[in-house]
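Structural characterization, general
Listed below are the residues making up each chain.
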Amino acid sequence: MARRKKVYEGKAKILYEGPEPGTLVQYFKDDATAFNAEKKATIDGKGVLNNRLSEFFMSGLNAVGVPTHFIRRINMREQLIRAVEIIPLEVVVRNVAAGSISKRLGIEEGTPLPRPIVEFYFKNDELGDPMVSEEHIIAFGWATQQDLDDMVSLALRVNDFLSGLMLGVGIKLVDFKIEIGRIWDGDYMRLIVADEISPDSCRLWDIESGRKLDKDVFRRDLGDLADAYTEVARRLGVMPTGPQGAVKPTLIN
Ligand code: UDP
């Protein structure tokens, strides 16, 4: 049988040609990287968890009218998505200071921000994804002013949706990153949420204990990453549960 065509391989995911034009298959790997891939590991079950969690968030967004690339999950590690033209920006929304904003501006981690702050980073591994302003984005033609307005609006809608969802299960959404892509309906272009939404791209803190339930567990060596992601999935009712609660999905590839 002919092997399907690989379209792109990134640090945590692989994209294959989809079954119909305009679709792709997104495969979630178990690989974890941090600090621009200087730190690497394979974490059993991470891909399975992120596939399920990204499905959960993206299908929820679709259901409330925030368009995403997600079509349907195919199996434990793969989902069918719409092919988009990715805008080369990482869009970060912050509710609470942590990570780079704390370092850059000297704000203590955990300080609530006066309002959600949207930031843009240019997607370029060689340069370490530098932060850019709207001026840079427009001057270099990565997006138009209209695109930027739409991106901020999409990012804030995602923030409202995810914050509420997390609050409901005792988790604070500190910050997150999304990527946005263009799709064409005839002559009309629309922006939709693409890539993934998972604990790899969010900061999630338990409201009671402050325990970190996101990729900082890996970045800062705070414990077992799969345990943290399993806890998020369990609280959201995402993973299939056995008699002991959520099952850590380490057995099936
Ligand atoms: N983030 C991400 N990919 C990146 C950079 C950041 O998913 O390449 C996420 C990160 O997990 C966090 C948010 O974006 O939820 C803000 O990250 P920050 O700018 O604080 O960067 P970091 O501390 O990761 O350097």
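Look above for the structure.
Residues numbered from 1 in each chain as written. Predicted model: local features only at pLDDT ≥ 70, side-chain atom pairs only at ≥ 80, totals over all residues. Heavy atoms only, no water.

**Let's talk about a negative patch on the surface**
A surface patch of negative charge is lined by Glu-134, Glu-135, Asp-149 and Asp-150. Mapped onto the negative patch, the elements with two or more residues apiece are α3 (134-139) and α4 (145-167). With respect to the secondary-structure elements, Glu-135 resides in helix α3. Judged by its relative accessible area of 65%, Glu-135 is exposed. (Patch = residues over 30% accessible without salt bridge, like charges linked within 9 Å, V, L, I, M, F, W, Y side chains within 5 Å. Areas by Shrake-Rupley, 256 points an atom, 1.4 Å probe, with all protein chains shown as cover. Salt bridge = Lys/Arg side-chain N within 4 Å of Asp/Glu carboxyl O. Lys, Arg positive; Asp, Glu negative; His and termini not counted. Charge placed at Lys NZ, Arg CZ, Asp CG, Glu CD. Helix = DSSP H or I, 4+ residues; strand = E, 2+ residues; numbered from the N terminus. Buried < 20%, exposed > 50% of the residue type's maximum accessible area, 1.4 Å probe, protein only.)

**A closer look at the side chain of Lys-13**
Along the polypeptide, Lys-13 turns up in strand β2 (residues 13-17). With relative accessibility at 13%, the residue Lys-13 sits in the buried group. Polar side-chain contacts of Lys-13 include one of 2.7 Å to the side chain of Glu-196. Each residue touching Lys-13, except ones within four places of it in the same chain, is listed here: Tyr-8, Gln-26, Tyr-27, Phe-28, Lys-29, Asp-195 and Glu-196. (Polar contact = N/O pair within 3.5 Å; in protein donor to acceptor, adjacent residues only side chain to side chain. Contact = heavy atoms within 4.5 Å.)

**Notes on the nonpolar core**
Membership of the largest hydrophobic core comes to 52 residues, with the highest contact counts inside it found for Met-151, Val-158, Ile-178 and Ile-197. By residue number, the principal contributor to this core is α4, which donates 8 residues. Once residues lying within four places of it in the same chain are set aside, the contact partners of Ile-197 are Leu-53, Ser-54, Phe-57, Met-58, Leu-61, Val-158, Leu-162, Ile-178 and Cys-202. (Core = buried A, V, L, I, M, F, W, Y, C linked by side-chain atoms within 4.5 Å.)

**So, the sheet that holds strand β6 (residues 70-73)**
As a general point, the strands of a sheet are linked pairwise by backbone hydrogen bonds and lie either parallel or antiparallel. Ordered in space as β1-β2-β3-β7-β6, the 5 strands form an open sheet in which the pairing is antiparallel. In the strand order of this sheet, the two ends are held by β1 (6-9) and β6, each with one partner. Looking at each pair of strands side by side, their axes are set apart by 25 degrees on average, direction ignored. With 3 bridges joining them, β1 and β2 adopt antiparallel strand pairing. The residue of β2 that forms the bridge with Lys-6 is Tyr-16. Packed on one face of the sheet, helix α1 (residues 46-63) meets β3 (23-28), β6 and β7 (78-82) and runs near 135 degrees to β6. (Pairing = 2+ DSSP bridges. Axes fitted to C-alpha atoms, helices over the stretch in contact; angles between N-to-C directions.)

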